[in-house]
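Summary of the model geometry
Chain residues, written in single-letter form:
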Amino acid sequence: IVKTTNLESGEVLRNIPLDFLDVLCFFGFGDIGELQGNDEEITGLVDILDKNPVIPTINPTSVVLSARKNKKKYLLNLNEIGIPAPETRLAFSLESAEEIGCEFIGKYGGFVVKPVNGYGGYLIDKFPGGDSNVLDKILSEQGEILVQQYVDDIHEFGERSVYIVDGKIEYTVLKK
């Protein structure tokens, strides 16, 4: 754990041993630049905490670890569990991404590409009209890429994050 925050005061605590803390709550893992360079290390730290719980955590380490390992691959299964979502597929090569993209252009008029590991709009691009270098960058960094149906309403009105607790949808948040 590189950085912790005192939730009462907002003070950033640095280089604090875990046994100093009363409880640990995973909020985020830094900006996307920090995440990209340290993804394995961050996931490894969560794995250690999951196997050897030296401190209570507010959000279960097993859930955080699953999210760290699976990244945004949950998008592939949302429709199967009854949550309406744009059609999404995983590609492991430029050829496969382009093939899926051509299919989605025929079906939906367009598609977006997203890295499996990222957030905040990092390397998301819309096609047709996007930059094919984005596909190359994502594939070279991560070895896989999400190709997703373009939905004009999401661009205009935003999208919802769904929060599921114990297998039950608890609430949603509109993100724009």
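The text that follows walks through the structure, step by step, so that each part is easy to find. (Residues numbered from 1 in each chain as written. Predicted model: local features only at pLDDT ≥ 70, side-chain atom pairs only at ≥ 80, totals over all residues. Heavy atoms only, no water.)

Quick word on the overall build of the protein
For the record, the criterion: Under the DSSP-based scheme used, a helix requires at least four consecutive residues in state H or I and a strand at least two consecutive residues in state E, with every element numbered from the N terminus. Accessible area is worked out with a 1.4 Å probe on protein chains only. A residue is then buried under 20% of its type maximum, exposed over 50%, and partly exposed in between. Here a residue-residue contact requires only that any non-hydrogen atoms of the pair lie within 4.5 Å. Positive: Lys, Arg. Negative: Asp, Glu. His and the chain ends are not part of the count. We put the charge of a Lys on NZ, of an Arg on CZ, of an Asp on CG and of a Glu on CD.
Of regular secondary structure, the protein possesses five helices and eight strands. Secondary structure of the protein in N-to-C order comes out as β-β-α-α-β-α-β-β-α-β-α-β-β. Its C-alpha atoms put the protein at 55 × 35 × 30 Å along the principal axes. For the protein, the residues scored as buried account for 33% of the 176 residues in total. Sequence-distant contacts, at least 24 apart, represent 53% of the contacts inside the protein between residues at least 6 apart. Side chains of the protein give 17 positive and 28 negative charges; the mean places of these two sets differ by 2 Å.

Re the nonpolar core
Filter applied, for reference: Only buried Ala, Val, Leu, Ile, Met, Phe, Trp, Tyr and Cys residues count toward a nonpolar core, and they belong to the same one when joined by side-chain atoms within 4.5 Å.
With 15 residues, the main nonpolar core has V113, I145 and V147 as its most contacted residues. Of all the elements in the fold, those that place two or more residues in this core are α3 (94-108), β4 (111-115), α4 (132-142) and β6 (145-149). Setting aside residues no more than four positions away along its own chain, V147 makes contact with E87, T88, R89, A91, A97, I100, G101, F104, F111, V112 and V113. Membership of the second largest hydrophobic core comes to eight residues, among which are L21, V46, L49 and V64.

Thoughts on the pairing of strand β8 (residues 168-175)
The side chains of a regular strand alternate, residue by residue, between the two faces of the sheet. Short version of the rule: What makes two strands pair is DSSP finding at least two bridges between them.
For strand β7 (residues 159-165) and β8, the ladder comprises seven bridges, and the chain directions are antiparallel. The residue bridging S161 from the neighbouring strand is V173, located in β8. Here β7 folds back onto β8 in antiparallel fashion, the turn holding two residues, of which D166 has a positive phi close to 50°.

Quick notes on the pattern of salt bridges
For the record, the criterion: Whenever a carboxyl oxygen of Asp or Glu lies within 4 Å of a side-chain nitrogen of Lys or Arg, that contact is scored as a salt bridge.
The tally for this structure, following the rule as stated, stands at seven salt bridges. The partner of E144 in a salt bridge is K73, with the nearest N and O atoms 3.3 Å apart. One end of the pair, E144, is in the loop between α4 and β6; the other, K73, is in the loop between α2 (61-70) and β3 (88-91), and 71 residues separate them in sequence. For E144, a relative accessible area of 15% gives the class buried. You can call K73 partly exposed: its relative accessible area is 27%. Close ionic contact of K107 with E103 constitutes a salt bridge, the shortest N to O distance being 3.6 Å. Of this pair, K107 and E103 both sit in helix α3, four residues apart, roughly one helical turn. K107 sits in the partly exposed class, given a relative accessible area of 45%. Judged by relative accessible area, which is 32%, E103 ranks as partly exposed.

What to know about the sheet that holds strand β5 (residues 125-127)
Strand pairing in a sheet is mediated by backbone hydrogen bonds. Such pairs are either parallel or antiparallel. Definition in use: Axes, fitted as lines to C-alpha atoms, cover a helix only where it is in contact. Angles between the N-to-C directions of the axes lie from 0 to 180 degrees.
Pairing within the open sheet is antiparallel, and its four strands lie in the order β3-β6-β4-β5. Each end of this open sheet is capped by a strand with a single partner; those strands are β3 and β5. The sheet shows a mean angle of 30° between the axes of neighbouring strands, direction not considered. Pairing geometry for β4 and β5, over three bridges, is antiparallel. Directly across from V113, in β5, lies its bridge partner D125. Packing against the sheet, α4 makes contact with β3, β4, β5 and β6, and its axis sits at approximately 30° to β4.

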